[in-house]
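Descriptive analysis of the structure
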Amino acid sequence: MARLHVETIPILRDNYAYLLTEPETGSTAVVDPGEAGPVLAALEQRGRRLDWVVLTHHHHDHVAGLQEIKRRTGCKAVGPRGEYSRIAGLDLTVAEGESFALGHAVAEIFETPGHTAGHVCYYFPDDPALFSGDTLFVLGCGRLFEEDAAAMWTSLGKLAALPPETKVYCGHEYTLANARFALTVDPDNADLAARARKIEEARERGEPTVPTTIGEELATNPFLRADSAPIRQHLAMRDDPAAAVFGEIRRRKDLA
Ligand SMILES: [Zn+2]
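Residues numbered from 1 in each chain as written. Predicted model: local features only at pLDDT ≥ 70, side-chain atom pairs only at ≥ 80, totals over all residues.

We now examine the pairing of strand β10 (residues 129–133). Burial of β10 is extensive: five of the five residues sit out of reach of the surface. Covered by surrounding structure in β10 are Ala129, Phe131 and Gly133 together with Leu130 and Ser132, the residues of both alternating faces. Strand direction decides the pairing type here: strand β9 (residues 120–124) and β10, joined by three bridges, are antiparallel. When the sheet's bridge partners are listed, Tyr122 is paired in β10 with Phe131. Hairpin connection of β9 to β10: four residues between the antiparallel strands. (Buried ≥ 20, exposed ≤ 12 C-beta atoms within 10 Å, placed from the backbone. Helix = DSSP H or I, 4+ residues; strand = E, 2+ residues; numbered from the N terminus. Pairing = 2+ DSSP bridges.)

Before going further, it helps to examine the nonpolar core. As a rule of thumb, nonpolar side chains are buried together in soluble globular proteins. Judged by nonpolar contacts, the single largest core of 66 residues is most densely connected at Tyr18, Val30, Val53, Tyr122 and Leu130. For this core, the two domains that each supply at least three residues are domain 1 (1–94) and domain 2 (106–256). Residue contacts for Tyr122: discarding those within four places in its chain leaves Val54, Phe100, Ala107, Ile109 and Phe131. (Core = buried A, V, L, I, M, F, W, Y, C linked by C-beta atoms within 7 Å. Domains from an automatic or database assignment. Contact = placed C-beta atoms within 7 Å.)

What follows is about the domain arrangement of the protein. Taken domain by domain, the protein consists of domain 1 (1–94) and domain 2 (106–256). The straight-line distance from the C-alpha centre of domain 1 to that of domain 2 is 23 Å. Each partner contributes residues to the interface: domain 1 has 22 residues there, and domain 2 has 23 residues. Only β1 (5–11) and β2 (15–22) provide two or more residues apiece to the side of domain 1 that touches domain 2. Sort the elements by how many residues they give to the side of domain 1 that touches domain 2 and β2 lands first, with three residues. Of the residues belonging to the side of domain 1 that touches domain 2, the class tally is 10 nonpolar, eight polar and four charged. (Nonpolar A, V, L, I, M, F, W, Y, C, P; charged D, E, K, R; others polar.)

Let's shift gears to the pairing of strand β13 (residues 167–170). Note: β10 against β13, four bridges, orientation parallel. Bridge assignment links Phe131 to a residue of β13, and that residue is Tyr169. Inspection of the sheet shows β13 paired to strand β14 (residues 212–213) by two bridges, in the antiparallel sense. Note that in β14 the partner of Lys167 across the bridge is Thr213.

With an omega dihedral of -25°, the bond running from Asp127 to Pro128 counts as a cis peptide bond. The omega angle of the peptide bond from Val210 to Pro211 is -5°, so this bond is cis rather than trans. Look at Leu12: it is not a glycine, yet its phi comes out positive at around 50°. Position of Leu12 among the secondary structure elements: in the loop between β1 and β2. Of note in this structure, Leu139 is not a glycine but carries a positive phi near 60°.

Attention now moves to helix α9 (residues 242–255). Helix length check: α9 (14 residues) gives 20 Å between terminal C-alpha atoms against 20 Å at 1.5 Å per residue, within 8%. For α9, the set of buried residues is Val245, Phe246, Gly247, Ile249 and Arg250. As for α9, its buried residues are in contact with α4 (149–160), α5 (175–185) and α8 (229–234). (Expected span 1.5 Å × (residues − 1).)

What follows concerns the sheet that holds strand β7 (residues 99–102). Here six strands make up an open sheet; going across it, the order is β7-β8-β9-β10-β13-β14 and the pairing mixed. Looking along the sheet, the strands with just one partner apiece sit at the ends: β7 and β14.

What follows concerns the sheet that holds β1. Think of a sheet as strands paired side by side through backbone hydrogen bonds, with each pair either parallel or antiparallel. Read from one edge of the open sheet, six strands run β1-β2-β3-β4-β5-β6, paired in mixed fashion. Pairing within the sheet leaves two strands with one partner each, and these edge strands are β1 and β6 (92–94). Between one strand axis and the next, the sheet turns through 25° on average, direction left out of account. One ladder, built from three bridges, connects strand β4 (residues 52–54) with strand β5 (residues 76–80); its direction is parallel. Across the sheet, Val54 pairs through a bridge with Val78, a residue of β5. (Axes fitted to C-alpha atoms, helices over the stretch in contact; angles between N-to-C directions.)

With their axes 9 Å apart at the nearest point, α4 and α9 run at an angle of 105° to one another. Classified by the interaxial angle, the pair formed by α4 and α9 is roughly perpendicular. On the side of α4, the interface is formed by Ala149, Ala150 and Trp153, while α9 contributes Ala242, Ala243, Phe246, Gly247 and Arg250. A per-class count over the contact of α4 with α9 returns six nonpolar, one polar and one charged. (Parallel < 35°, antiparallel > 145°, perpendicular 65-115°, else oblique.)

In structure tokens, the structure reads:
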């Protein structure tokens, strides 16, 4: 049974914050507020209080609104234990295998090192919904700033194993560039080609491309498909470990 109501709040240039409401208790949270203004405006517009700020990792464009939002709303903040010393103002920290409750909606915590060393994702199995921060994007994944390709491949594997209907709410609108890149490494994927056309149209209309689903990503996101035969063949890496194929895809995207 779905327990969460999710609203997308565009912030900064291409970030997304998300306003979560658990309807039974009225508990509310905002995920990754990289700036305070649009989040406070959304709360005011809806006449809502705020209980929690939920953070996936320490980067400025995900946490910069935290202090002002805390000051203005009196809310608490939860974030990754591995980044406690890098995020000022955390009231609660979470790590792999633990949970975070927003009213009756309970998130399971996955540690997903790669983009940052302490990055966590929040998975609400009853909905099911995943807040993936800068680990998994629509048709992409986060850059490897603090860990290597093998670590990120393992992290993405945790997310890929979730039920295919899981909705994925990620930290950025990078989808159009990701789609164009994906076609260069997986050019014969008909699902990807069809999806890329829809994405071009959606972005022309100014529509967000989130949420995606785990099932759609497994079918079309090259960063989850490093063990697929067509991609291996295209990259001439038929016998390499999947983590190495993933690393090559990431390297090419960094150069794109
Ligand atoms: Zn980041």
